[in-house]
Amino acid sequence: MKKITALTSLLAAGLILFASCDRERIDYGLVDDNTATTGGDEADGPFGILAKPGLSYDSDVATYAATRSAGLDDYLIGLYKEDGTQIDLIRYGDIGDDGRVLRVGRYRLTASSHTPQAAEWNNPWYYGETPFDIEENKINDKVAVRCTQNNLAVAVDFEPDLLAILDNDYTVQVEIGEGQLTYTRTQYDQNTLGYFYAPGEGDIFWAAFFNGTVDGQPTRQQISGSFSRETQRLVITFKLKSTDMELTRGGATPSVRLDASVTRIERNENIIIEEEIIEEEKPEPGPGEEEPQPQGVTVFGKDFNGAPFDIKGAVTLLGDIPDEGVPVVVGINAPAGVQVLYVDIVSETLSPDVLKGVGFTDHIDLVHPGEFKEQIMGFEFPVEDEVVGQTALDFDITRFTPMLGIYPGTHRFVLHVEDSTGNGVTETLTIIVQK
(Lines give C-alpha, C1' and ligand atoms only; values in the text may rest on other atoms or scores of the structure.)
Protein backbone atom coordinates (compact mmCIF):
# COMPACT_ATOMS: atom_id res chain seq x y z
CA MET A 1 0.00 0.00 0.00
CA LYS A 2 1.21 3.50 -0.87
CA LYS A 3 2.79 5.14 2.16
CA ILE A 4 1.56 8.53 3.25
CA THR A 5 4.56 10.80 3.51
CA ALA A 6 3.06 14.05 4.77
CA LEU A 7 1.53 12.51 7.89
CA THR A 8 1.06 15.74 9.83
CA SER A 9 -0.65 17.49 6.91
CA LEU A 10 -2.89 14.51 6.28
CA LEU A 11 -3.94 14.30 9.90
CA ALA A 12 -4.86 17.96 9.86
CA ALA A 13 -6.80 17.52 6.62
CA GLY A 14 -8.53 14.54 8.12
CA LEU A 15 -9.62 16.60 11.12
CA ILE A 16 -11.05 19.30 8.89
CA LEU A 17 -12.89 16.67 6.87
CA PHE A 18 -14.41 14.98 9.93
CA ALA A 19 -15.36 18.29 11.52
CA SER A 20 -16.96 19.79 8.41
CA CYS A 21 -18.54 16.88 6.62
CA ASP A 22 -20.83 14.25 8.12
CA ARG A 23 -20.79 11.66 5.40
CA GLU A 24 -24.01 9.80 4.60
CA ARG A 25 -24.32 6.48 6.45
CA ILE A 26 -25.64 3.25 5.05
CA ASP A 27 -27.95 1.18 7.28
CA TYR A 28 -27.24 -2.52 6.73
CA GLY A 29 -29.39 -3.64 9.63
CA LEU A 30 -26.41 -4.87 11.68
CA VAL A 31 -26.36 -2.11 14.28
CA ASP A 32 -28.78 0.06 16.20
CA ASP A 33 -28.84 3.59 14.83
CA ASN A 34 -28.37 4.88 18.38
CA THR A 35 -24.91 3.29 18.66
CA ALA A 36 -23.51 4.06 15.22
CA THR A 37 -21.53 7.32 14.98
CA THR A 38 -19.89 9.24 12.20
CA GLY A 39 -17.04 10.77 14.12
CA GLY A 40 -17.74 11.44 17.76
CA ASP A 41 -14.81 11.95 20.08
CA GLU A 42 -12.33 10.40 17.65
CA ALA A 43 -12.10 13.98 16.36
CA ASP A 44 -10.21 14.90 19.57
CA GLY A 45 -6.46 14.18 19.42
CA PRO A 46 -3.93 12.68 19.62
CA PHE A 47 -4.34 10.78 16.36
CA GLY A 48 -3.11 8.05 14.12
CA ILE A 49 -4.32 6.50 10.88
CA LEU A 50 -5.79 3.12 10.10
CA ALA A 51 -4.81 2.22 6.54
CA LYS A 52 -7.25 0.20 4.45
CA PRO A 53 -7.24 -3.26 6.11
CA GLY A 54 -6.50 -6.49 4.36
CA LEU A 55 -9.50 -8.80 3.84
CA SER A 56 -9.80 -12.45 2.82
CA TYR A 57 -11.98 -15.48 3.51
CA ASP A 58 -11.54 -19.24 3.84
CA SER A 59 -13.37 -21.00 1.04
CA ASP A 60 -15.61 -23.87 2.06
CA VAL A 61 -13.50 -27.03 2.14
CA ALA A 62 -14.93 -30.33 0.86
CA THR A 63 -17.79 -28.49 -0.80
CA TYR A 64 -20.88 -30.63 -1.23
CA ALA A 65 -22.48 -28.18 -3.65
CA ALA A 66 -21.44 -25.03 -5.45
CA THR A 67 -22.03 -22.02 -3.20
CA ARG A 68 -21.27 -18.37 -3.49
CA SER A 69 -19.58 -15.85 -1.28
CA ALA A 70 -20.23 -12.14 -1.57
CA GLY A 71 -17.56 -10.17 -3.44
CA LEU A 72 -15.06 -8.68 -1.01
CA ASP A 73 -16.08 -5.13 -1.96
CA ASP A 74 -19.56 -5.84 -0.57
CA TYR A 75 -18.34 -7.07 2.80
CA LEU A 76 -19.44 -4.89 5.72
CA ILE A 77 -16.63 -3.48 7.83
CA GLY A 78 -17.38 -2.39 11.40
CA LEU A 79 -15.08 -0.33 13.62
CA TYR A 80 -15.53 -0.49 17.39
CA LYS A 81 -13.91 1.21 20.33
CA GLU A 82 -12.46 -0.90 23.11
CA ASP A 83 -15.68 -0.44 25.12
CA GLY A 84 -17.75 -1.90 22.26
CA THR A 85 -19.13 1.39 20.91
CA GLN A 86 -19.46 1.29 17.13
CA ILE A 87 -17.92 4.23 15.31
CA ASP A 88 -18.25 3.12 11.70
CA LEU A 89 -20.03 0.66 9.41
CA ILE A 90 -19.02 0.77 5.76
CA ARG A 91 -18.69 -1.37 2.62
CA TYR A 92 -15.16 -2.59 2.15
CA GLY A 93 -15.16 -1.24 -1.39
CA ASP A 94 -16.00 2.26 -0.11
CA ILE A 95 -12.91 2.49 2.11
CA GLY A 96 -10.46 4.90 0.51
CA ASP A 97 -6.74 4.20 0.11
CA ASP A 98 -6.01 7.06 2.54
CA GLY A 99 -7.57 5.07 5.35
CA ARG A 100 -9.26 6.45 8.45
CA VAL A 101 -8.14 9.00 11.06
CA LEU A 102 -8.71 7.70 14.59
CA ARG A 103 -7.87 8.73 18.13
CA VAL A 104 -5.01 6.90 19.78
CA GLY A 105 -6.32 3.77 21.45
CA ARG A 106 -7.35 0.15 21.04
CA TYR A 107 -10.07 -0.87 18.57
CA ARG A 108 -11.77 -3.89 17.06
CA LEU A 109 -12.50 -4.41 13.36
CA THR A 110 -15.19 -6.80 12.13
CA ALA A 111 -15.94 -8.04 8.61
CA SER A 112 -19.16 -9.73 7.48
CA SER A 113 -20.26 -10.99 4.08
CA HIS A 114 -23.93 -10.14 4.79
CA THR A 115 -26.57 -10.08 7.52
CA PRO A 116 -27.18 -13.78 8.30
CA GLN A 117 -30.73 -15.14 8.23
CA ALA A 118 -32.09 -17.96 10.38
CA ALA A 119 -32.33 -20.07 7.21
CA GLU A 120 -31.41 -19.34 3.59
CA TRP A 121 -30.44 -21.19 0.44
CA ASN A 122 -26.88 -21.27 -0.94
CA ASN A 123 -25.63 -18.30 1.10
CA PRO A 124 -22.75 -19.07 3.48
CA TRP A 125 -22.11 -16.30 6.01
CA TYR A 126 -18.46 -15.37 6.35
CA TYR A 127 -17.36 -13.40 9.39
CA GLY A 128 -14.11 -12.39 11.06
CA GLU A 129 -12.75 -9.86 13.52
CA THR A 130 -9.42 -8.64 14.85
CA PRO A 131 -8.20 -6.11 17.44
CA PHE A 132 -5.79 -3.36 16.50
CA ASP A 133 -4.06 -0.32 18.02
CA ILE A 134 -3.70 3.26 16.84
CA GLU A 135 -0.55 5.08 17.94
CA GLU A 136 0.10 8.80 17.85
CA ASN A 137 1.28 10.14 14.47
CA LYS A 138 1.62 6.63 13.04
CA ILE A 139 -0.05 4.68 10.26
CA ASN A 140 -1.22 1.17 11.10
CA ASP A 141 -1.07 -0.70 7.81
CA LYS A 142 -0.74 -4.16 9.37
CA VAL A 143 -4.44 -4.80 10.09
CA ALA A 144 -5.89 -7.78 8.24
CA VAL A 145 -8.90 -9.97 8.92
CA ARG A 146 -9.65 -13.44 7.58
CA CYS A 147 -13.31 -14.49 7.55
CA THR A 148 -14.56 -18.01 8.06
CA GLN A 149 -17.96 -19.63 7.55
CA ASN A 150 -20.13 -18.99 10.61
CA ASN A 151 -23.46 -20.54 9.66
CA LEU A 152 -24.23 -24.23 9.21
CA ALA A 153 -24.49 -25.83 5.78
CA VAL A 154 -27.09 -28.63 5.61
CA ALA A 155 -27.57 -31.10 2.76
CA VAL A 156 -30.21 -33.83 2.40
CA ASP A 157 -29.13 -36.94 0.50
CA PHE A 158 -30.50 -40.40 -0.32
CA GLU A 159 -28.81 -43.73 -0.88
CA PRO A 160 -29.30 -45.07 -4.45
CA ASP A 161 -31.53 -48.01 -3.40
CA LEU A 162 -34.01 -45.63 -1.77
CA LEU A 163 -33.80 -42.98 -4.50
CA ALA A 164 -34.72 -45.61 -7.12
CA ILE A 165 -38.15 -46.23 -5.53
CA LEU A 166 -38.79 -42.74 -4.14
CA ASP A 167 -41.45 -40.60 -5.83
CA ASN A 168 -40.31 -37.11 -6.82
CA ASP A 169 -42.93 -35.28 -4.76
CA TYR A 170 -41.24 -35.99 -1.41
CA THR A 171 -40.37 -33.23 1.09
CA VAL A 172 -37.85 -33.10 3.93
CA GLN A 173 -38.44 -30.24 6.35
CA VAL A 174 -35.31 -29.34 8.33
CA GLU A 175 -35.59 -27.20 11.47
CA ILE A 176 -32.63 -25.73 13.33
CA GLY A 177 -33.10 -23.01 15.92
CA GLU A 178 -35.60 -20.54 14.50
CA GLY A 179 -34.80 -21.52 10.92
CA GLN A 180 -36.79 -23.87 8.70
CA LEU A 181 -36.26 -25.01 5.10
CA THR A 182 -38.13 -27.58 3.01
CA TYR A 183 -35.95 -29.71 0.74
CA THR A 184 -37.52 -31.17 -2.40
CA ARG A 185 -36.29 -33.04 -5.47
CA THR A 186 -35.30 -29.67 -6.94
CA GLN A 187 -32.76 -29.06 -4.18
CA TYR A 188 -31.39 -32.57 -4.63
CA ASP A 189 -31.01 -32.27 -8.42
CA GLN A 190 -29.37 -28.83 -8.15
CA ASN A 191 -27.09 -29.78 -5.23
CA THR A 192 -28.59 -26.93 -3.22
CA LEU A 193 -27.36 -26.31 0.30
CA GLY A 194 -29.42 -24.77 3.06
CA TYR A 195 -27.64 -22.52 5.54
CA PHE A 196 -28.84 -22.11 9.13
CA TYR A 197 -27.78 -19.54 11.71
CA ALA A 198 -28.55 -20.25 15.38
CA PRO A 199 -26.85 -17.73 17.69
CA GLY A 200 -26.22 -18.58 21.31
CA GLU A 201 -24.09 -20.99 23.31
CA GLY A 202 -24.00 -24.74 23.77
CA ASP A 203 -25.01 -27.52 21.40
CA ILE A 204 -27.45 -26.84 18.56
CA PHE A 205 -30.47 -29.11 18.10
CA TRP A 206 -31.94 -30.11 14.76
CA ALA A 207 -34.90 -32.07 13.46
CA ALA A 208 -35.80 -33.39 10.01
CA PHE A 209 -39.24 -34.58 8.86
CA PHE A 210 -39.46 -36.84 5.79
CA ASN A 211 -42.80 -37.12 3.99
CA GLY A 212 -43.04 -39.00 0.72
CA THR A 213 -44.06 -42.08 -1.20
CA VAL A 214 -41.61 -44.98 -1.15
CA ASP A 215 -42.27 -48.00 -3.35
CA GLY A 216 -45.88 -46.86 -3.63
CA GLN A 217 -46.34 -46.57 0.14
CA PRO A 218 -46.94 -43.22 1.93
CA THR A 219 -44.06 -42.91 4.37
CA ARG A 220 -43.31 -40.44 7.16
CA GLN A 221 -40.17 -40.37 9.26
CA GLN A 222 -38.84 -37.96 11.88
CA ILE A 223 -35.24 -37.80 13.05
CA SER A 224 -33.40 -35.37 15.30
CA GLY A 225 -30.12 -34.82 17.05
CA SER A 226 -27.62 -32.22 18.14
CA PHE A 227 -24.19 -30.97 17.13
CA SER A 228 -21.49 -28.71 18.52
CA ARG A 229 -20.91 -25.18 17.32
CA GLU A 230 -17.67 -26.34 15.71
CA THR A 231 -19.77 -28.09 13.05
CA GLN A 232 -19.79 -26.37 9.66
CA ARG A 233 -21.60 -28.97 7.56
CA LEU A 234 -24.36 -31.47 8.24
CA VAL A 235 -25.31 -34.13 5.67
CA ILE A 236 -28.50 -36.08 6.43
CA THR A 237 -28.64 -39.26 4.35
CA PHE A 238 -31.83 -41.30 4.26
CA LYS A 239 -31.55 -44.98 3.41
CA LEU A 240 -33.87 -47.91 2.86
CA LYS A 241 -34.09 -50.31 5.78
CA SER A 242 -36.66 -52.74 4.45
CA THR A 243 -39.64 -53.17 2.15
CA ASP A 244 -41.74 -56.20 2.97
CA MET A 245 -45.17 -57.45 3.91
CA GLU A 246 -46.03 -56.79 7.53
CA LEU A 247 -48.47 -59.02 9.39
CA THR A 248 -51.12 -57.03 11.24
CA ARG A 249 -54.53 -57.75 12.67
CA GLY A 250 -56.02 -56.77 9.31
CA GLY A 251 -53.84 -59.19 7.39
CA ALA A 252 -50.70 -58.62 5.35
CA THR A 253 -49.97 -55.05 4.29
CA PRO A 254 -46.96 -53.52 2.51
CA SER A 255 -44.42 -51.98 4.87
CA VAL A 256 -41.54 -49.56 4.25
CA ARG A 257 -38.93 -48.74 6.88
CA LEU A 258 -36.31 -46.02 6.56
CA ASP A 259 -33.07 -45.39 8.37
CA ALA A 260 -30.69 -42.48 8.22
CA SER A 261 -27.10 -41.50 8.87
CA VAL A 262 -25.67 -38.09 9.67
CA THR A 263 -22.24 -36.84 8.67
CA ARG A 264 -20.85 -33.83 10.52
CA ILE A 265 -17.81 -31.91 9.26
CA GLU A 266 -16.19 -29.61 11.83
CA ARG A 267 -13.99 -26.55 11.45
CA ASN A 268 -10.83 -28.60 11.93
CA GLU A 269 -12.10 -30.89 9.13
CA ASN A 270 -12.85 -33.72 11.56
CA ILE A 271 -15.56 -35.93 10.05
CA ILE A 272 -18.04 -37.59 12.42
CA ILE A 273 -20.51 -40.16 11.04
CA GLU A 274 -23.54 -41.33 13.01
CA GLU A 275 -25.16 -44.48 11.57
CA GLU A 276 -28.63 -45.96 12.11
CA ILE A 277 -29.99 -43.05 14.11
CA ILE A 278 -33.62 -44.18 13.67
CA GLU A 279 -34.49 -46.72 16.32
CA GLU A 280 -36.21 -49.99 15.39
CA GLU A 281 -39.94 -49.86 15.99
CA LYS A 282 -41.42 -52.47 18.28
CA PRO A 283 -43.77 -54.86 16.46
CA GLU A 284 -47.44 -54.82 17.40
CA PRO A 285 -48.69 -57.91 19.24
CA GLY A 286 -50.40 -60.49 17.06
CA PRO A 287 -53.97 -61.80 17.46
CA GLY A 288 -54.50 -63.14 20.99
CA GLU A 289 -51.13 -61.85 22.17
CA GLU A 290 -50.77 -59.37 25.01
CA GLU A 291 -48.48 -56.40 24.68
CA PRO A 292 -45.36 -57.08 26.78
CA GLN A 293 -45.19 -55.02 29.96
CA PRO A 294 -42.17 -52.72 30.29
CA GLN A 295 -39.46 -53.74 32.72
CA GLY A 296 -37.71 -51.11 34.81
CA VAL A 297 -38.34 -47.40 34.27
CA THR A 298 -39.59 -46.11 30.92
CA VAL A 299 -40.27 -42.57 29.74
CA PHE A 300 -42.22 -42.06 26.52
CA GLY A 301 -44.11 -39.50 24.45
CA LYS A 302 -47.72 -40.04 25.49
CA ASP A 303 -49.66 -37.18 23.90
CA PHE A 304 -48.92 -34.35 21.51
CA ASN A 305 -52.09 -32.75 20.20
CA GLY A 306 -54.00 -35.97 20.77
CA ALA A 307 -51.50 -38.55 19.46
CA PRO A 308 -48.45 -40.41 20.82
CA PHE A 309 -45.05 -39.14 19.72
CA ASP A 310 -41.42 -40.24 19.71
CA ILE A 311 -39.72 -38.61 22.68
CA LYS A 312 -36.35 -39.06 20.99
CA GLY A 313 -37.51 -36.74 18.23
CA ALA A 314 -38.57 -33.13 18.52
CA VAL A 315 -41.99 -31.55 18.97
CA THR A 316 -42.53 -28.37 16.93
CA LEU A 317 -44.92 -25.63 18.06
CA LEU A 318 -45.87 -22.36 16.41
CA GLY A 319 -45.09 -19.27 18.48
CA ASP A 320 -48.73 -18.21 18.72
CA ILE A 321 -49.65 -20.58 21.57
CA PRO A 322 -53.12 -20.15 23.13
CA ASP A 323 -53.45 -19.30 26.83
CA GLU A 324 -54.68 -22.82 27.63
CA GLY A 325 -51.54 -24.25 26.02
CA VAL A 326 -50.88 -27.04 23.53
CA PRO A 327 -51.18 -30.64 24.83
CA VAL A 328 -47.73 -32.14 25.41
CA VAL A 329 -47.65 -35.05 27.85
CA VAL A 330 -44.77 -37.35 28.77
CA GLY A 331 -45.69 -40.73 30.27
CA ILE A 332 -43.63 -42.44 32.98
CA ASN A 333 -43.85 -46.12 33.93
CA ALA A 334 -42.01 -47.48 36.97
CA PRO A 335 -43.38 -50.87 38.13
CA ALA A 336 -41.27 -50.70 41.32
CA GLY A 337 -42.54 -47.21 42.17
CA VAL A 338 -40.99 -43.79 41.51
CA GLN A 339 -38.55 -42.50 44.13
CA VAL A 340 -36.73 -39.75 42.24
CA LEU A 341 -38.09 -37.43 39.55
CA TYR A 342 -36.61 -34.13 38.52
CA VAL A 343 -36.56 -32.14 35.31
CA ASP A 344 -33.86 -29.74 34.11
CA ILE A 345 -34.78 -27.07 31.58
CA VAL A 346 -32.01 -26.43 29.03
CA SER A 347 -33.07 -23.71 26.60
CA GLU A 348 -31.61 -21.37 24.00
CA THR A 349 -33.82 -18.50 25.14
CA LEU A 350 -35.54 -19.45 28.41
CA SER A 351 -32.39 -19.07 30.48
CA PRO A 352 -32.03 -19.61 34.25
CA ASP A 353 -31.99 -15.83 34.71
CA VAL A 354 -35.24 -15.44 32.75
CA LEU A 355 -36.90 -18.19 34.81
CA LYS A 356 -35.59 -16.68 38.03
CA GLY A 357 -37.05 -13.33 36.95
CA VAL A 358 -40.54 -14.85 36.87
CA GLY A 359 -40.09 -16.69 40.16
CA PHE A 360 -39.35 -20.10 38.70
CA THR A 361 -36.32 -22.39 38.31
CA ASP A 362 -34.57 -24.42 35.65
CA HIS A 363 -34.29 -27.39 38.06
CA ILE A 364 -37.74 -28.80 38.85
CA ASP A 365 -37.58 -31.39 41.65
CA LEU A 366 -41.03 -32.96 41.77
CA VAL A 367 -40.26 -35.11 44.82
CA HIS A 368 -38.70 -32.30 46.88
CA PRO A 369 -40.08 -29.08 45.32
CA GLY A 370 -38.97 -26.88 48.24
CA GLU A 371 -39.53 -23.15 47.82
CA PHE A 372 -40.89 -23.63 44.29
CA LYS A 373 -43.73 -25.96 45.30
CA GLU A 374 -46.48 -23.40 44.76
CA GLN A 375 -45.15 -22.35 41.35
CA ILE A 376 -44.69 -25.99 40.26
CA MET A 377 -48.23 -26.82 41.29
CA GLY A 378 -49.41 -23.73 39.41
CA PHE A 379 -48.34 -25.44 36.20
CA GLU A 380 -50.24 -28.57 37.33
CA PHE A 381 -47.09 -30.66 37.65
CA PRO A 382 -47.35 -33.57 40.13
CA VAL A 383 -45.39 -33.15 43.38
CA GLU A 384 -44.43 -35.16 46.47
CA ASP A 385 -46.99 -37.94 47.16
CA GLU A 386 -48.39 -37.57 43.66
CA VAL A 387 -44.97 -38.83 42.49
CA VAL A 388 -43.38 -41.00 45.18
CA GLY A 389 -44.42 -44.63 44.95
CA GLN A 390 -46.43 -44.16 41.76
CA THR A 391 -46.04 -46.91 39.17
CA ALA A 392 -47.41 -44.75 36.34
CA LEU A 393 -47.79 -40.97 36.08
CA ASP A 394 -47.73 -38.13 33.59
CA PHE A 395 -45.44 -35.14 33.28
CA ASP A 396 -47.85 -32.80 31.52
CA ILE A 397 -46.32 -29.52 30.37
CA THR A 398 -49.42 -28.25 28.56
CA ARG A 399 -49.83 -25.35 31.00
CA PHE A 400 -46.15 -24.47 30.56
CA THR A 401 -46.25 -24.20 26.74
CA PRO A 402 -47.61 -20.60 26.65
CA MET A 403 -44.39 -19.47 28.35
CA LEU A 404 -42.39 -21.27 25.65
CA GLY A 405 -44.34 -19.30 23.04
CA ILE A 406 -42.98 -16.07 24.51
CA TYR A 407 -39.40 -17.31 24.04
CA PRO A 408 -39.10 -18.97 20.59
CA GLY A 409 -36.22 -21.36 20.12
CA THR A 410 -35.21 -24.88 21.12
CA HIS A 411 -36.14 -25.99 24.63
CA ARG A 412 -35.08 -29.28 26.24
CA PHE A 413 -36.74 -30.86 29.27
CA VAL A 414 -34.28 -33.42 30.64
CA LEU A 415 -36.25 -35.89 32.78
CA HIS A 416 -34.45 -38.12 35.27
CA VAL A 417 -36.46 -40.90 36.95
CA GLU A 418 -35.37 -43.54 39.47
CA ASP A 419 -37.44 -46.31 41.04
CA SER A 420 -37.32 -47.94 44.48
CA THR A 421 -34.72 -50.49 43.32
CA GLY A 422 -32.29 -47.79 42.21
CA ASN A 423 -32.87 -48.29 38.50
CA GLY A 424 -33.00 -45.02 36.61
CA VAL A 425 -33.38 -43.52 33.19
CA THR A 426 -32.84 -40.08 31.65
CA GLU A 427 -34.81 -38.95 28.62
CA THR A 428 -34.98 -35.57 26.91
CA LEU A 429 -38.13 -33.96 25.56
CA THR A 430 -37.15 -31.44 22.87
CA ILE A 431 -39.62 -28.72 21.89
CA ILE A 432 -38.88 -26.34 19.02
CA VAL A 433 -40.98 -23.17 19.14
CA GLN A 434 -41.12 -21.17 15.92
CA LYS A 435 -41.98 -17.49 15.70
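Residues numbered from 1 in each chain as written. Predicted model: local features only at pLDDT ≥ 70, side-chain atom pairs only at ≥ 80, totals over all residues. Heavy atoms only, no water.

**Section: the environment of S347**
Turning to step 1, where the next piece is worked out: Relative to the assigned elements, S347 resides in strand β24 (residues 338-347).
Turning to step 2, where the next piece is worked out: Sequence spacing of S347 and F413 is 66 residues, and the spatial spacing of their C-alpha atoms is 8.5 Å.
Turning to step 3, where the next piece is worked out: There is a polar contact of 3.1 Å between the side chain of S347 and the backbone nitrogen of T349. (Helix = DSSP H or I, 4+ residues; strand = E, 2+ residues; numbered from the N terminus. Polar contact = N/O pair within 3.5 Å; in protein donor to acceptor, adjacent residues only side chain to side chain.)

**Digging into the pairing of strand β23 (residues 328-333)**
Turning to step 1, where the next piece is worked out: Among the six residues in β23, five count as buried, and that is most of the element.
Turning to step 2, where the next piece is worked out: Relative to β23, strand β20 (residues 298-304) is paired through six bridges, and the arrangement is antiparallel. Looking at β23, one finds that G301 is bridged to V330.
Turning to step 3, where the next piece is worked out: Pairing between β23 and strand β26 (residues 392-396): five bridges, direction antiparallel. Bridge assignment links V330 to a residue of β26, and that residue is F395. (Buried < 20%, exposed > 50% of the residue type's maximum accessible area, 1.4 Å probe, protein only. Pairing = 2+ DSSP bridges.)

**Overview of the sheet that holds strand β4 (residues 86-91)**
Turning to step 1, where the next piece is worked out: Strand order in the open sheet formed by six strands is β2-β10-β8-β6-β3-β4, with mixed pairing between adjacent strands. Among the strands making up the open sheet, the edge pair consists of β2 (54-57) and β4. Each adjacent strand pair in this sheet contributes to an overall mean axis angle of 20°, direction not counted.
Turning to step 2, where the next piece is worked out: As judged from the five bridges shared by strand β3 (residues 76-81) and β4, these two strands associate in the antiparallel manner. The residue of β4 that forms the bridge with L79 is D88. (Axes fitted to C-alpha atoms, helices over the stretch in contact; angles between N-to-C directions.)

**A short note on the pairing of strand β1 (residues 47-50)**
Turning to step 1, where the next piece is worked out: Both faces of β1 are covered, namely the face carrying F47 and I49 and the face carrying G48 and L50.
Turning to step 2, where the next piece is worked out: The pairing of β1 with strand β9 (residues 139-140) spans two bridges and is parallel. Within the sheet, the bridge partner assigned to L50 lies in β9 and is N140.

**Observations concerning the sheet that holds strand β16 (residues 217-227)**
Where strands meet in a sheet, backbone hydrogen bonds hold them as pairs that are either parallel or antiparallel.
Turning to step 1, where the next piece is worked out: In spatial order, the strands read β13-β12-β15-β16; together these four strands make up an open sheet with antiparallel pairing. Of all the strands in the sheet, just β13 (179-183) and β16 have a single pairing partner and so form its edges. Averaged over all adjacent pairs, the angle separating strand axes in this sheet is 10°, with direction ignored.
Turning to step 2, where the next piece is worked out: Inspection of the sheet shows strand β12 (residues 171-176) paired to β13 by five bridges, in the antiparallel sense.

**Focus: unusual backbone geometry**
Turning to step 1, where the next piece is worked out: Unlike most non-glycine residues, D215 shows phi in positive territory, near 55°.
Turning to step 2, where the next piece is worked out: Position of D215 among the secondary structure elements: in the loop between β15 (204-214) and β16.
Turning to step 3, where the next piece is worked out: With a phi close to 65°, E380 is a non-glycine residue in the positive phi region.
Turning to step 4, where the next piece is worked out: Position of E380 among the secondary structure elements: in the loop between α5 (373-378) and β26.

**Some words on the nonpolar core**
Turning to step 1, where the next piece is worked out: In this structure, F381, F400, F413, L429 and I431 are the most contacted members of the largest nonpolar core, which totals 40 residues.
Turning to step 2, where the next piece is worked out: Only β22 (314-318), β23, β24, β26, α6 (401-406), β27 (409-419) and β28 (424-434) provide two or more residues apiece to this core.
Turning to step 3, where the next piece is worked out: Non-local contacts of F400, meaning those with residues more than four positions away in its chain, are made with I345, L350, L355, F360, F379, F381 and F413.
Turning to step 4, where the next piece is worked out: In terms of nonpolar packing, the next biggest core, distinct from the first, is built from 29 residues, W206, I223, L234 and F238 among them. (Core = buried A, V, L, I, M, F, W, Y, C linked by side-chain atoms within 4.5 Å. Contact = heavy atoms within 4.5 Å.)

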